[in-house]
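If you want the building blocks of each chain, they are given just below.
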Protein chains: 2
Amino acid sequence: MVSKVKRVLIGRPMKSAEIEGEKLSKLKALAVLSSDALSSVAYGTEQILIVLMAAGFAAVWYSIPISVAVLGLLLILILSYRQTIYSYPAGGGAYVVAKDNLGVSTGLLAGGSLLVDYILTVAVSSSAGTDAITSAFPSLHDHRVLIALIMIVFLTLMNLRGVTESASVLAIPIYLFVVAIFVLIISGVIKYLMGGAHAAIPELGSTVSNISLFLLLKAFSSGCSALTGVEAVSNAIPNFKQPSEKNAAATLVMMGVILGCMFTGISLLAYWYGIMPSEKETVVSQIANSVFGRGTIYYMIQGITALILFLAANTAYSAFPLLAYMLAKDKFMPRMFMARGDRLGFSNGIINLGVLSAILVIAFHGNTENLIPLYAVGVFIPFTLSQLGMMIRWIKLKPAGWVTKLIINTIGMLTTLTITMIFIITKFSHVWMVFIFLPIVILTFYQIHKHYENTACELRINLQDEKPETKSSTIIVPVAGVTRVVMHSLSYAKSLTDNVIAVYVGFDDEDIERMEKKWEEWNPGVRLIVLRSSYRSITRPLIKFIETVEWKTHETDHLTILIPQFITKHWWQNILHNQTSLMIRAILYARKDVVIATVPYHFQR
Amino acid sequence: MVSKVKRVLIGRPMKSAEIEGEKLSKLKALAVLSSDALSSVAYGTEQILIVLMAAGFAAVWYSIPISVAVLGLLLILILSYRQTIYSYPAGGGAYVVAKDNLGVSTGLLAGGSLLVDYILTVAVSSSAGTDAITSAFPSLHDHRVLIALIMIVFLTLMNLRGVTESASVLAIPIYLFVVAIFVLIISGVIKYLMGGAHAAIPELGSTVSNISLFLLLKAFSSGCSALTGVEAVSNAIPNFKQPSEKNAAATLVMMGVILGCMFTGISLLAYWYGIMPSEKETVVSQIANSVFGRGTIYYMIQGITALILFLAANTAYSAFPLLAYMLAKDKFMPRMFMARGDRLGFSNGIINLGVLSAILVIAFHGNTENLIPLYAVGVFIPFTLSQLGMMIRWIKLKPAGWVTKLIINTIGMLTTLTITMIFIITKFSHVWMVFIFLPIVILTFYQIHKHYENTACELRINLQDEKPETKSSTIIVPVAGVTRVVMHSLSYAKSLTDNVIAVYVGFDDEDIERMEKKWEEWNPGVRLIVLRSSYRSITRPLIKFIETVEWKTHETDHLTILIPQFITKHWWQNILHNQTSLMIRAILYARKDVVIATVPYHFQR
């Protein structure tokens, strides 16, 4: 049953050898990996304008130079990550680069930030997508959490189906979004040039009395939130078709160009059309309204934008499992994140991401907006560390043209560091959690690592000197009466060793006498030990007895407890049996070094 | 930890031999077993008046003859159950009497009704008690369900502590209630006789135009709800101190007398003081108000009445586990209901009652009033069956004075049958569920019985002919590498038999080759079989292999699968190991007749 449902939802299992077919072409990769970055266009310009409005309408012209600065940063990031891709063709996320050049702790700091960040991405963007839906259909407002959860389940299932299939499904809305935004920008520019826009706008360079550097920096850092998601490509190099690093680099550049054009276009249009951010209508919506009026095209643009905000989460679904895999390979995360599922994806990573983000959505009742600054900091910390790592690498290795490369990374590092600091300073009340959360995450990584190291050390043997040694064996068989199950168990025990002891726990004299008599009559060739339980517990006297035997024989014998286990035909029949055997097993497990053997007895009826 | 908490809540475990000390004296038994019956006084008269008011104020004088009729029925029930107690000194609930004289199905009908009824009692009376509390403190109204649940938890814990301890705690409010009602009645009568009541009341015997037989019967049956709980004593005879049947009979008579006096008193006062039922104030409250005014005594009476309604549930806590025990002894209910817990009570029955009634309270959001008619029917069906059973018994056995006894039971049977019919006819919309529910319960009883019978039949062996036989043995050891755990498992396996097969599941050629080489180097004296898994599943190829070996050897060999199991030092470390062994065991359990032996390996760090 379960496996049938699984097959319908996820598809047939795939052979390990089929993995090459699951790799991404450039165009599909763009769809899978860029949804987070490209969707930022929908709110990036708006974030800048909101901050600037604090200094009055006259200050909005600053959005143009700030946008240029953001574009510059984008350029630096793209160049820098392009360098990373060629340097780390096996996958060069911030974790790998930082670990490789700055040491393990720094790597874990970058990796931990990113992991947390991906979870936030899914929670925030599924909530944002839900907001878009409920804005259109207010009657759904009470079901916000449910809608966000359905979306998370959908994304999780798509990603469990496998990389290429999810790419095929998800590519369409992303390309539609790109087309829609370009149509909007081109039409807007044409309309403006033909004199169709009549807004009174402050001129570029006009003086604004109450503008401060702090405000400008804050506006810049807010605009930088449009750049989250840029690192996704460099994490995912192993997912690309061969030659993977070349394809990845090309994809990254493609993404950078598209993102840059869209961001520039939206920022310019917002300025030209004199658009002010409003609580009631997004900037993109206002632009679309000014350009097309509230017609079919307007509603299509709005719908696609809502959809893309939803799908921004998908980038995290590619990046989280890969990063978790890398951390697990280095023994900083549980081994289960290394296993490929039926469809060759890292299912455990995908499922964990889905579950954790669903928990966040439920915990915050779908109001995850407050998590956005946290999420931006979580991106810029690894950005900075990754660039710093590349700097060290150039200085150490000094390959051809290393000075240029070093300069690019240095500029990138300084910029992203500055942005991180601005975020922390200007939005401390939102991001302080990072300083509690990250140390806990890193500590957990180290704890896990220590456990694996200890385990490996304990389990290691010397192939030359240590070989299996045989001992003699004692088997204890708890019996509850003289039944077919007991006979079956004794047959088994006697086949293995001559030291078989049957143990019976009796509650009163009458009971004990009856059992002893019956055993004598049966005479199965096995000694019966009868224990008396004053407190009506079967397990306590039994375990005491086992401890005694263990103490007496542990030098010479392997001790086995043979427990008959009824397997009923229907699950509900289990309630009709006292399951003492399960209890005995649970107790013995935790405490003793005895072998517990279960003899199943399948009821026929 | 768990056991410490348990000890604080429930007390130290008691030896089986201490059971005699847990038996009830007459006074304590009265407290434990009569709360349900006595608390009925708080609403019995009111139920009659509510029905009569449908025919106008002039009809209220009928409450006096109807009360006399209810008293008569009480007398018959007491006499009849006294006869039952002496006939069934081992406990003569309706289940036993009906089963013994009318056959198993009838017994199960009576037993099933009572079981369901006890659950309803707890749910209804804890909700009623909560209503009393929230009437006094309206701010608590939003926490009704919580308060009712707290009360159920409290009662469950008290009863888990044991019969006498719960009696000691619960006796006080019950005796206080009896005293309070008697004070009210005596003061009320004195005040009336001294001319202190001036209500205009319809004279006894005055004609009422629109009264009908149907209405009178309905009023009578409503008044009979005051008699629920009378059967509790006859169920609980084994709980009494020796001589148990004499003590039980005396307790029953005591209870009958107290109940009769209180009921008569309240009905008379209600008539004399011209009290009309009101939605806003209970009849008892009105009487207390008329007699004492709203002073300290009034509030004390109200408080104690609320408390006693709460505690009415406690009768069910004595009766349910005993009845479940009897049904389990006859193999109609799961065996677990036969086990005595740490404090010698039937813990499973107590816990099940608590949980089921809590579920009812939650499902009905604490509004369980609609369940009251259901609950009355559930009482009167077994009343009728029990009396019918006694009639058959007298006719069959014909002991000295059997005619009188037969007459008593016949009158009782006819009356309770009539009341049952009236309930069903006048309140069908509330009680129809009985006709769906009871058949399901009885069917379940039979299913359980069949399963136990089948099991016993399958397990039975012929002591003379069937003895344990030895075979040879094959042990399969799945290995994941060359580690200390594997060495440990192989040592164990080689100690038991020479036929040991190690199995390794590899994912790719490189992997397989490495393992084969290492095994050769180690040379542990055990053959290694390597399986290749194209789908990255360890369990599937392994189970296929086990099936092959089983098919080849099942004639001659016992087959054992030896699974190493890591036991980590801290629970959270379990997540760091893939628990493949648990999965293999779970799959093998359900399907195969192989023995599964677990070799524990306890990590030191």
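Because the structure is predicted, anything quoted here is derived from the model rather than measured. (Residues numbered from 1 in each chain as written. Chains lettered and ligands numbered in written order. Predicted model: local features only at pLDDT ≥ 70, side-chain atom pairs only at ≥ 80, totals over all residues. Heavy atoms only, no water.)

Section: a nonpolar patch on the surface
- Residues F428, W432, M433, F435, I436 and I440 of chain A make up a contiguous nonpolar surface patch of about 580 Å² in total accessible area.
- For the nonpolar patch, the leading source of residues is helix α19 (residues 433-459) of chain A, giving 4 residues. (Patch = residues over 30% accessible without salt bridge, like charges linked within 9 Å, V, L, I, M, F, W, Y side chains within 5 Å. Areas by Shrake-Rupley, 256 points an atom, 1.4 Å probe, with all protein chains shown as cover. Salt bridge = Lys/Arg side-chain N within 4 Å of Asp/Glu carboxyl O. Helix = DSSP H or I, 4+ residues; strand = E, 2+ residues; numbered from the N terminus.)

Some thoughts on the side chain of N247 of chain A
Residue and element names in this part refer to chain A.
- With respect to the element layout, N247 can be found in helix α11 (residues 244-272).
- A residue is classified by how much of its surface remains accessible, and N247, at 12% relative accessible area, is buried.
- Side-chain polar atoms of N247 contact the backbone oxygen of K241, separated by 2.9 Å.
- In contact with N247, other than residues within four places in its own chain, are K26, F240, K241 and Q242. (Buried < 20%, exposed > 50% of the residue type's maximum accessible area, 1.4 Å probe, protein only. Polar contact = N/O pair within 3.5 Å; in protein donor to acceptor, adjacent residues only side chain to side chain. Contact = heavy atoms within 4.5 Å.)

Topic: the relation of the copies chain A and chain B
- Take chain A, turn it by 180°, move it 0.2 Å along the axis, and it overlays chain B with an RMSD of 0.2 Å. In short, the pair behaves as if placed about a two-fold rotation axis. Considering only C-alpha atoms, the residue of chain A closest to the rotation axis is A597 of chain A, which sits at 1.8 Å.
- Of all interface residues in chain A, 100% are interface residues in chain B too; the two copies therefore contact each other through one and the same surface. (Least-squares fit on C-alpha atoms with pLDDT ≥ 70 in both.)

Points about the state of the cysteines
Residue and element names in this part refer to chain A.
- Applying the stated criterion across every chain, the model contains 0 disulfides over all chains.
- Not part of a disulfide, C224 finds its nearest cysteine sulfur in C261, a span of 18 Å.
- With relative accessibility at 0%, the residue C224 sits in the buried group. (Disulfide = S-S within 2.5 Å.)

Focus on the interface of chain A and chain B
- Tallying the contact residues gives 82 residues for chain A and 82 residues for chain B.
- When residues of chain A are sorted by the area they lose upon contact with chain B, E458, R536 and Y589 of chain A head the list and together hold 10% of the total.
- Remark: the boundary between chain A and chain B carries 2 salt bridges.
- E466 of chain A serves as the salt-bridge partner of R484 of chain B, at 2.9 Å between the closest nitrogen and oxygen.
- Here chain A is connected to chain B by 22 residue pairs in polar contact (both at pLDDT 80 or more). (Buried area = accessible area lost by both parts, 1.4 Å probe.)

What to know about unusual backbone geometry
- Cis geometry is found at the peptide bond from Q242 of chain A to P243 of chain A, where omega equals -5°.
- Tracing the backbone through its elements, the reader meets P243 of chain A in the loop between α10 (232-235) and α11.
- Even without a glycine there, the phi angle at K331 of chain B is positive, about 65°.
- Relative to the assigned elements, K331 of chain B resides in the loop between α14 (313-329) and α15 (347-363).
- For K331 of chain B, a relative accessible area of 31% gives the class partly exposed.

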